Amino acid sequence: MFFDRDGTLMHDVAYASRPEQVRLLPGASHAVRQLAEAGYLIILVTNQSGIGRGLFLAGDYERVHSRLVELLRAEGAILDGAYHCPHAPDAGCECRKPGLELFRRAAQEHEVELSASWCLGDRWRDVEPARALGASGLLVQSPATTMDDLIRARAAEALATSLPDAVHRILSDRE
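To start, this report covers the structure provided alongside it. Please read these numbers as outputs of a predicted model, since none were measured by experiment.

1. Focus: the sheet that holds strand S4 (residues 118-121)
Reasoning step 1: Read from one edge of the open sheet, 6 strands run S3-S2-S1-S4-S5-S6, paired in parallel fashion. Bordering the open sheet on either side are strand S3 (81-85) and strand S6 (159-160), each of which pairs with just one other strand.
Reasoning step 2: Both strand S1 (residues 2-3) and strand S2 (residues 43-47) contribute to a ladder of 2 bridges, which runs parallel. Residue pairing for S2: Phe 2 is matched across the bridge by Ile 43.
Reasoning step 3: Sitting on the sheet, helix H4 (residues 101-110) touches S1, S2, S3 and S4, and the angle it makes with S3 is about 155 degrees.

Set out below in structure tokens:
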């Protein structure tokens with residue numbers, strides 16, 4: 001299970017660089033717990049272009065990530081892995097979503113069967129890699145979801161109205 005961070009697990013704060021900016025979205029911990037209890041590994045894959053843009057340092061990202069992990073853990077939810085792209089959008093790297101490098105690295109390091117995996121996020125670039133990886137994907141609507149994202153998700157029948165809706169669909173699909 002590949003989760004986006006901003007707008008999917010935590011409130012989307014433009015270029016979050018301080019731990020006090022981390023606020024879990026309602027139901028995020030419960031969703032992570034449910035999917036973990038169903039046997040999914042929970043892996044975070046996030047673009048963090050603020051590092052590449054010089055808006056914050058890698059250490060700032062690490063402190064924000066530690067706070068996210070702390071808040072999830074306090075509610076019984078555990079991440080099995082976390083991967084981030086620190087590059088600016090124009091860097092041309094393969095790790096920036098919708099690139100596949102971070103997903104492939106995570107799959108290899110955690111022995112993830114991609115065909116049984118899901119990509120969840122609030123932007124189409126979070127979900128798009130699923131097709132190329134042979135996985136499934138769901139766009140989870142958030143205030144940051146654009147109309148173009150919604151159109152693509154609807155066309156692909158890959159739209160969830162909320163994180164609980166996404167979890168319900170994933171668990172129902174398993175049965």
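2. A few points about the side chain of Asn 47
Reasoning step 1: Within the secondary structure, Asn 47 is located in strand S2.
Reasoning step 2: For Asn 47, a relative accessible area of 12% translates into the label buried.
Reasoning step 3: Apart from the residues lying within four places of it in its own chain, the contact partners of Asn 47 are Cys 85, Cys 95, Arg 96, Lys 97 and Arg 125.

3. Re the environment of Glu 70
Reasoning step 1: By the element assignment, Glu 70 lies in helix H3 (residues 58-74).
Reasoning step 2: Residue classification places Glu 70 among the partly exposed positions, given a relative accessible area of 46%.
Reasoning step 3: In the structure, Glu 70 is positioned 64 residues away from Asp 6 in sequence and 16 Å away in space, judged by C-alpha atoms.

4. With respect to the packing of aromatic side chains
Reasoning step 1: Evaluation of the coordinates by the stated rule reveals 1 aromatic pair.
Reasoning step 2: Here the aromatic rings of Phe 2 and Phe 103 are separated by 5.1 Å at their centres, their planes lie at 80 degrees, and the arrangement is edge-to-face. Here Phe 2 is found in strand S1, whereas its partner Phe 103 is found in helix H4, with 101 residues between them in sequence.
Reasoning step 3: On the accessibility criterion, Phe 103 (1% relative accessible area) is buried.

5. A word on the state of the cysteines
Where two cysteines share a covalent bond between their sulfur atoms, that bond is called a disulfide.
Reasoning step 1: Applying the stated criterion across every chain yields a total of 0 disulfides.
Reasoning step 2: Counting only cysteine sulfurs, Cys 85 is the nearest neighbor of Cys 95, a cysteine outside any disulfide, at a range of 3.3 Å.
Reasoning step 3: Of the cysteine sulfurs around Cys 119, a residue in no disulfide, the closest is that of Cys 95, at 15 Å.

6. Topic: the nonpolar core
Reasoning step 1: Met 1, Phe 3, Leu 35, Ile 42, Leu 120, Leu 163 and Ile 170 are the most contacted members of the largest nonpolar core, which has 29 residues in total.
Reasoning step 2: Within the residue set of this core, elements represented by two or more residues are helix H1 (28-37), H3, S4, strand S5 (136-140) and helix H8 (163-174).
Reasoning step 3: In this view, Leu 120 contacts Met 1, Phe 2, Phe 3, Asp 4, Thr 8, Asp 126, Leu 138, Leu 163, Ala 166 and Ile 170; residues no more than four positions away in its chain are not counted.
Reasoning step 4: If you look at the next biggest cluster of nonpolar residues, it comprises 17 residues, including Phe 2, Ile 43, Val 45 and Cys 119.

What counts, and at which threshold
Residues numbered from 1 in each chain as written. Predicted model: local features only at pLDDT ≥ 70, side-chain atom pairs only at ≥ 80, totals over all residues. Heavy atoms only, no water. Pairing = 2+ DSSP bridges. Helix = DSSP H or I, 4+ residues; strand = E, 2+ residues; numbered from the N terminus. Contact = heavy atoms within 4.5 Å. Axes fitted to C-alpha atoms, helices over the stretch in contact; angles between N-to-C directions. Buried < 20%, exposed > 50% of the residue type's maximum accessible area, 1.4 Å probe, protein only. Phe/Tyr/Trp six-rings, centres within 6.5 Å; stacked < 30°, edge-to-face > 60°. Disulfide = S-S within 2.5 Å. Core = buried A, V, L, I, M, F, W, Y, C linked by side-chain atoms within 4.5 Å.

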